[in-house]
Amino acid sequence: MAKPAKSPEVYKFGGASLSDAASFKHAASIVQTAAASQIAIVAVCSAPAGVTDLLLEVAEKARVGDGEGARAAIAVLRDKYAAILKGLAPSARLGRELADLVESGLSELETLATGLTVLRELSPRTSDLVVSRGERMGTRIFAAALSIAGLKAEYVDATEVIVTRGPFGNAAPDLDATDARAKKRLTPLLAAGIIPVVPGFLGCFRPPGSEADAPDALVTLGRGGTDLTATLIGRALSAARVTLWKDVPGLLTADPRVVPDARVIPQLNVREAAELAYYGAKVLHPRALIPLAGKDIPLWVRPFGKPEDPGTEISHRHTLDDYPVKALSAIGAQALITVAGRGLIGVPGVAARAFATLSDHGMSVSLITQSSSEQSICFTVPEKEARAAKEHLSRAFAQEIARREVDSVQVAPGMATVAVVGLGMAGTPGIAARVFSALAAASINLVAIAQGSSELNISFVVKAGESAGAQRAIHQAFQLAKIGGGRAQQGKVVDVVLLGFGQIGRTLAGLITRRKPTARQPQIRIVGLIDRSGFVFEAKGLKPRRLAELASWKEKGEPFARAPGGQTATAEESIGFFARHALSQPVLIDVTADETTPVLLTALKAGMDLVLANKRPLSGPRGERDTLLAVAEAHGRRIRFEATVGAGLPVLDTYRKLVESGDKVLEIEGCVSGTLGFLFTELGRGRRFSDAVIIAMNKGFTEPDPRDDLSGADVGRKALILGRLLGYEGEPADVVVENLVPDDARALGKSEYLTQLPNWDADWGRRVTTARTKGHVLRYVATVTRKKIRVGLQSVGTASPFAELKGTDNQIAFTTSRYKSPLVIRGAGAGPAVTAGGVLNDLLELVA
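Computed from a predicted model, the values in this text were never measured in an experiment.

> How would you explain the overall build of the protein chain if you had to name every residue and give the values?
A count of helices and strands for the protein chain gives 28 helices and 30 strands. Taking 848 residues into account, the globule formula puts the C-alpha radius of gyration at 29 Å, and the protein chain, at 38 Å, lies well above it. Its C-alpha atoms give the protein chain principal-axis dimensions of roughly 125 × 80 × 50 Å. Residue burial in the protein chain is summarised as follows: out of 848 residues, 53% are buried. Counting only contacts in the protein chain whose residues sit at least 6 apart along the sequence, the fraction spanning at least 24 positions is 73%.

Below, the structure is given as structure tokens:
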């Protein structure tokens with residue numbers, strides 16, 4: 001094998017990655033892939049999954065004199081290793097060598113266990129000696145697995161490369177000595193194209209007072225210390241990167257057992273990762289980052305099961321300044337200790353004495369807070385150490401307690417410390433406020449709070465039973481489960497998605513982009529556009545120029561799927577894509593004329609409010625409409641639909657205010673089609689029917705096919721929406737609608753229908769003349785009560801409130817318990833500008 005041109009990389013495989021023969025083979029394939037790319041690899045291995053626990057069980061059984069229990073645990077180990085070797089299927093020679101190696105190690109373990117059973121004593125040094133067999137035997141097997149895969153590999157014992165200062169059981173590495181020894185031992189192997197395979201978790205230690213020629217003692221680095229071994233070797237070799245292959249997809253925004261929608265964090269600064277590790281993120285050993293301090297060596301946490309996935313990069317890079325909050329972590333089983341008393345005011349050294357006392361007894365503190373009056377000092381310790389901590393502190397402050405300068409040393413067990421972590425939190429206003437607002441909304445009480453001036457970490461103490469709820473509340477508040485989550489901004493921006501980008505949608509986009517935010521109302525930005533072909537999306541908002549380009553694109557009849565930056569998708573898929581992003585107060589605006597109820601349901605479930613100009617979802621089958629409203633209520637979402645009835649007129653708003661004031665609406669009558677109003681105005685002026693229709697189309701007053709207006713279906717939908725407000729329980733088929741399109745014209749194609757429009761001019765001329773002879777005019781009127789809805793053509797006299805309607809104006813008349821003479825609302829009711837204005841008013845009401 002030729003010498004790889006690239007800098008070496010260190011791959012660490014944990015116990016879960018070496019649980020059985022298949023896992024050993026998979027790990028070997030990962031190394032094989034790297035080698036094929038001419039990457040020099042140093043492999044660091046943990047003991048196979050479960051082996052360390054079995055070894056500790058052997059030691060503990062022996063310590064209490066349970067020789068039979070120790071032998072039973074060794075038998076389980078023997079079976080486990082035998083299964084691994086059988087699954088690897090090495091050659092006969094290599095198989096015998098490995099079997100002899102395992103048997104030799106287990107026989108030594110049996111001898112050692114027998115001695116411990118007699119002595120019934122287990123020192124930290126002996127415990128290290130026992131558990132070291134897991135890493136050493138597993139690593140030798142992995143070296144063999146690499147050889148079976150056709151790679152040159154050599155086992156290198158950890159005591160040859162990792163130097164520590166002790167103590168036994170949790171040794172601290174000697175960085176300089178390790179650098180020198182690791183370089184000397186590993187560099188020649190790498191230069192020769194050989195993969196060094198090193199057991200993790202282990203190192204050597206020269207105990208004080210040892211003879212000059214005495215061999216170094218073996219020590220362990222503490223549970224999870226294989227991560228530390230990998231970074232120590234990476235430091236020594238100036239590795240291109242260190243990769244920890246884990247049984248997780250990377251570092252997550254929270255513990256997925258507590259927050260199910262936690263997601264992988266693509267990149268973390270080393271300081272952020274260190275905070276998470278310290279505060280309980282078990283994916284990373286708390287000390288693993290120490291060797292990389294000051295070194296430009298990225299550490300990667302990647303999924304063993306899906307090696308093609310990138311995982312999480314931990315480096316000195318500082319990214320995502322716009323998203324200051326990165327993740328949450330928590331330490332459970334804590335106790336809060338308080339040293340309090342008025343006599344502490346102004347007395348120097350109280351905190352120093354308290355923490356020195358705990359340090360002298362080997363106790364670690366995870367959080368500290370002190371009142372500005374100096375009357376109390378609070379800190380947390382592991383709950384199992386709380387009683388001893390109280391006793392030590394009570395003795396240390398015995399004189400102050402006797403003099404009543406210290407009231408007492410109080411212990412509150414059953415606590416948890418939660419940390420909100422992010423390097424970008426420094427200097428970003430509103431982070432703490434949002435954290436504590438989220439907790440307050442979840443009815444979670446804070447017991448203690450601590451925050452450093454750097455704001456890298458906001459920590460607080462809650463009751464252990466509320467820790468999970470606290471994490472979920474904050475995770476949701478910052479939308480950490482979504483792409484772009486972690487922003488401090490809240491309530492200042494409303495993100496809008498337009499479903500449909502026809503004339504109304506394009507007009508609305510222009511109104512929104514020209515609008516300036518006010519002190520009372522937030523900025524509104526359009527982040528997404530959807531049509532039948534797909535969508536266009538920009539998380540930070542589509543700029544006016546981009547919207548203008550897309551408007552021109554649509555005016556040419558081109559779909560979004562083919563637009564620059566467009567993507568092909570159904571409307572539901574588009575909503576799903578948007579929902580994966582951390583949008584601010586998202587609102588979906590439906591300006592289509594399609595059946596969009598499934599899309600709207602998807603949006604509601606994704607946390608979007610709705611504004612509707614589309615009448616179909618609320619005027620379809622009653623069950624579907626009720627489902628829509630129920631889903632909105634269940635998800636705490638709101639629906640505004642003023643523009644479905646009177647375009648920009650406050651029809652629904654008037655209805656709500658009447659009802660809220662205690663009035664009862666008995667009947668609603670209205671001319672609610674600006675299109676038909678325009679047609680009948682033009683007919684009344686003597687214009688031919690065919691000309692009036694073409695003029696209305698050219699002005700944008702009609703649907704693309706004017707028969708949709710002339711059929712009365714649109715007015716019927718509006719009437720049904722109003723009727724359901726009054727309590728009408730019927731279905732769309734129960735609404736009596738007069739269709740103004742002749743039977744023989746309904747099956748024609750649109751173009752053919754338009755060419756034949758003059759055929760009906762004479763008939764419409766006769767209708768107008770007949771009404772005029774009575775002093776009447778033609779109007780298309782909807783009459784709505786709780787029991788019945790009728791829509792049709794009427795010849796109305798001058799006494800009718802509808803007689804004076806002109807052009808596209810709509811008119812609605814409310815008859816109520818108070819208003820026996822109808823309360824009338826009148827105004828423009830057709831055209832893209834009017835409808836878009838009504839939609840914008842709904843949107844502004846929604847976000848006010």
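> Go over the side chain of K718, please, and point to the residues and values.
Note that K718 resides in helix α25 (residues 713–726). Taking relative accessible area as the criterion, K718 reaches 6% and is therefore assigned buried. Within the structure, the side chain of K718 is placed 2.4 Å from the backbone oxygen of V672, a separation counted as a polar contact. Those residues in contact with K718 that sit more than four places away from it in its chain are K615, T644, V645, V672 and S673.

> Could you give an account of the nonpolar core, naming the residues involved and the relevant values?
By size, the foremost hydrophobic cluster in this structure holds 100 residues, and its most contacted members are F13, V31, F142, L186, I233, L284 and I314. In terms of nonpolar packing, the next biggest core, distinct from the first, is built from 75 residues, V527, L604, L618 and L793 among them.

> Help me get a handle on the packing of helix α21 (residues 651–660) against α25, residues and values and all.
Helix-helix packing: each pair is described by the crossing angle between the helix axes and the interaxial distance. Two elements in contact, α21 and α25, have axes separated by 12 Å at closest approach and are oriented at 10 degrees. Viewed along their axes, α21 and α25 adopt a mutual orientation that is roughly parallel. Across from V651, L652 and Y655 in α21, the residues of α25 making contact are L722, L725 and L726. For the contact of α21 with α25, a count of residues per class yields six nonpolar, no polar and no charged.

> I'd like to hear about the environment of P732, residue by residue, with values.
Residue position: P732 is located in the loop between α25 and β26 (736–737). For P732, a relative accessible area of 33% gives the class partly exposed. Each C-alpha atom, one on P732 and one on A419, is 55 Å from the other, the two residues being 313 residues apart in sequence. P732 has contacts with S619, G620, P621, L720 and R724, leaving out every residue within four places of it along the chain.

> Can you tell me about the packing of helix α22 (residues 674–684) against helix α23 (residues 689–698), naming the residues and giving the values?
Axis separation between α22 and α23 bottoms out at 9 Å; the angle between their running directions is 140 degrees. On the basis of their axis angle, the class for α22 and α23 is oblique. For the pair α22 and α23, the sense of crossing is right-handed. Residues F678, L679, E682 and L683 of α22 form the contact with α23, whose own contacting residues are F689, A692, V693, I695 and A696. Grouping the constituent residues of the contact of α22 with α23 by class yields eight nonpolar, no polar and one charged.

> Can you explain the packing of aromatic side chains? Please cite residues and give values.
All told, the structure shown has 18 aromatic pairs when counted by the stated rule. Aromatic pair F680 and W764: ring centres 5.8 Å apart, planes at 50 degrees, arrangement tilted. Of this pair, F680 sits in helix α22 while W764 sits in helix α27 (residues 761–773); the two residues are 84 residues apart in sequence, bridging distant segments of the chain. We classify F680 as buried; its relative accessible area is 7%. Judged by relative accessible area, which is 4%, W764 ranks as buried. Clustering of aromatic rings is evident, with ring pairs tying together Y11, F13, F24, F142, W245 and F304.

> Break down the sheet that holds strand β23 (residues 609–612) for me, with residues and values.
Strand order in the open sheet formed by seven strands is β21-β20-β19-β18-β22-β23-β24, and the pairing between neighbours is mixed. The open sheet has two free edges, formed respectively by β21 (567–568) and β24 (639–640), since each of these has just one partner strand. By the bridge criterion, four bridges tie strand β18 (residues 493–499) to strand β22 (residues 587–590) in an arrangement that is parallel. In the sheet register, V496 faces β22, and the bridge partner there is V587.

> Could you give an account of helix α13 (residues 467–477), with specific residues and numbers?
By the burial criterion, the buried members of α13 are S467, A470, Q471, A473, I474, H475 and A477. Buried residues along α13 sit against β12 (327–340), β15 (408–421), α12 (431–441) and β17 (457–463). Of the residues flanking the end of α13, it is Q479, one or two places downstream, whose phi is positive at about 50 degrees.

> Help me get a handle on the pairing of β23, residues and values and all.
Residues D609 and V611 of β23 are buried on one face, and the alternating residues L610 and L612, pointing to the opposite face, are buried as well. As defined by bridge partners, β22 adjoins β23 across four bridges and the pair is classed as parallel. Pairing of D590 across the sheet is with L612, part of β23. In this fold, β22 hands off to helix α17 (residues 597–605), which returns the chain to β23; that crossover is right-handed.

> Tell me what's going on with the pairing of strand β2 (residues 41–45), and back it up with residues and numbers.
Every regular strand shows the same layout, with side chains that alternate between the two sheet faces. Of all five residues in β2, five are buried, a share of seventy percent or more. Where strand β1 (residues 9–13) lies against β2, five bridges are found, and the strand directions are parallel. Within the sheet, the bridge partner assigned to V10 lies in β2 and is V42. Crossover connection from β1 via helix α1 (residues 21–36) to parallel β2: handedness right-handed.

> If you had to explain the sheet that holds strand β30 (residues 823–828) to someone new, which residues and values would you point to?
Spatially, β26-β28-β27-β25-β29-β30 is the arrangement adopted by the six strands of the open sheet, whose pairing is mixed. Among the strands making up the open sheet, the edge pair consists of β26 and β30. Packing of α25 onto the sheet brings it into contact with β25 (665–671), β26, β27 (777–784) and β28 (789–796), and relative to β27 it is tilted by some 35 degrees.

> Pulling in residues and values, what's your account of helix α3 (residues 67–88)?
Spanning 22 residues, α3 covers 32 Å between terminal C-alpha atoms, matching the ideal 32 Å at 1.5 Å per step. Backbone geometry just downstream of α3 places A89 in the positive-phi region, at approximately 50 degrees.

> Can you tell me about the pattern of salt bridges, naming the residues and giving the values?
Evaluation of the coordinates by the stated rule reveals 44 salt bridges. Beyond isolated ion pairs, a larger network of salt bridges with shared partners links R640, D653, R656, K657 and E845.

> Explain the state of the cysteines to me, and be specific about the residues and the numbers.
This structure, assessed with the given rule, holds zero disulfides. Cysteine C45 shares no disulfide, and the gap to the nearest cysteine sulfur, in C204, comes to 19 Å. The exposure class of C45 is buried, given its relative accessible area of 0%.

> Report on the side chain of E313, specifying residues and quantitative values.
Along the chain, E313 falls in strand β11 (residues 312–315). Given a relative accessible area of 11%, E313 falls into the buried group. In this structure the side chain of E313 is engaged in a polar contact, spanning 2.7 Å, whose partner is the side chain of R317. The residues contacting E313, other than those within four sequence positions of it, are P266, Q267, L268, P298, L299 and W300.

Rules and cut-offs
- Residues numbered from 1 in each chain as written.
- Predicted model: local features only at pLDDT ≥ 70, side-chain atom pairs only at ≥ 80, totals over all residues.
- Heavy atoms only, no water.
- Helix = DSSP H or I, 4+ residues; strand = E, 2+ residues; numbered from the N terminus.
- Rg over C-alpha atoms; globule rule 2.2 N^0.38 Å.
- Buried < 20%, exposed > 50% of the residue type's maximum accessible area, 1.4 Å probe, protein only.
- Contact = heavy atoms within 4.5 Å.
- Polar contact = N/O pair within 3.5 Å; in protein donor to acceptor, adjacent residues only side chain to side chain.
- Core = buried A, V, L, I, M, F, W, Y, C linked by side-chain atoms within 4.5 Å.
- Axes fitted to C-alpha atoms, helices over the stretch in contact; angles between N-to-C directions.
- Parallel < 35°, antiparallel > 145°, perpendicular 65-115°, else oblique.
- Nonpolar A, V, L, I, M, F, W, Y, C, P; charged D, E, K, R; others polar.
- Left-handed = near helix turned anticlockwise from the far one by under 90°.
- Phe/Tyr/Trp six-rings, centres within 6.5 Å; stacked < 30°, edge-to-face > 60°.
- Pairing = 2+ DSSP bridges.
- Right-handed = clockwise from strand over helix to strand, strands pointing away.
- Expected span 1.5 Å × (residues − 1).
- Salt bridge = Lys/Arg side-chain N within 4 Å of Asp/Glu carboxyl O.
- Disulfide = S-S within 2.5 Å.

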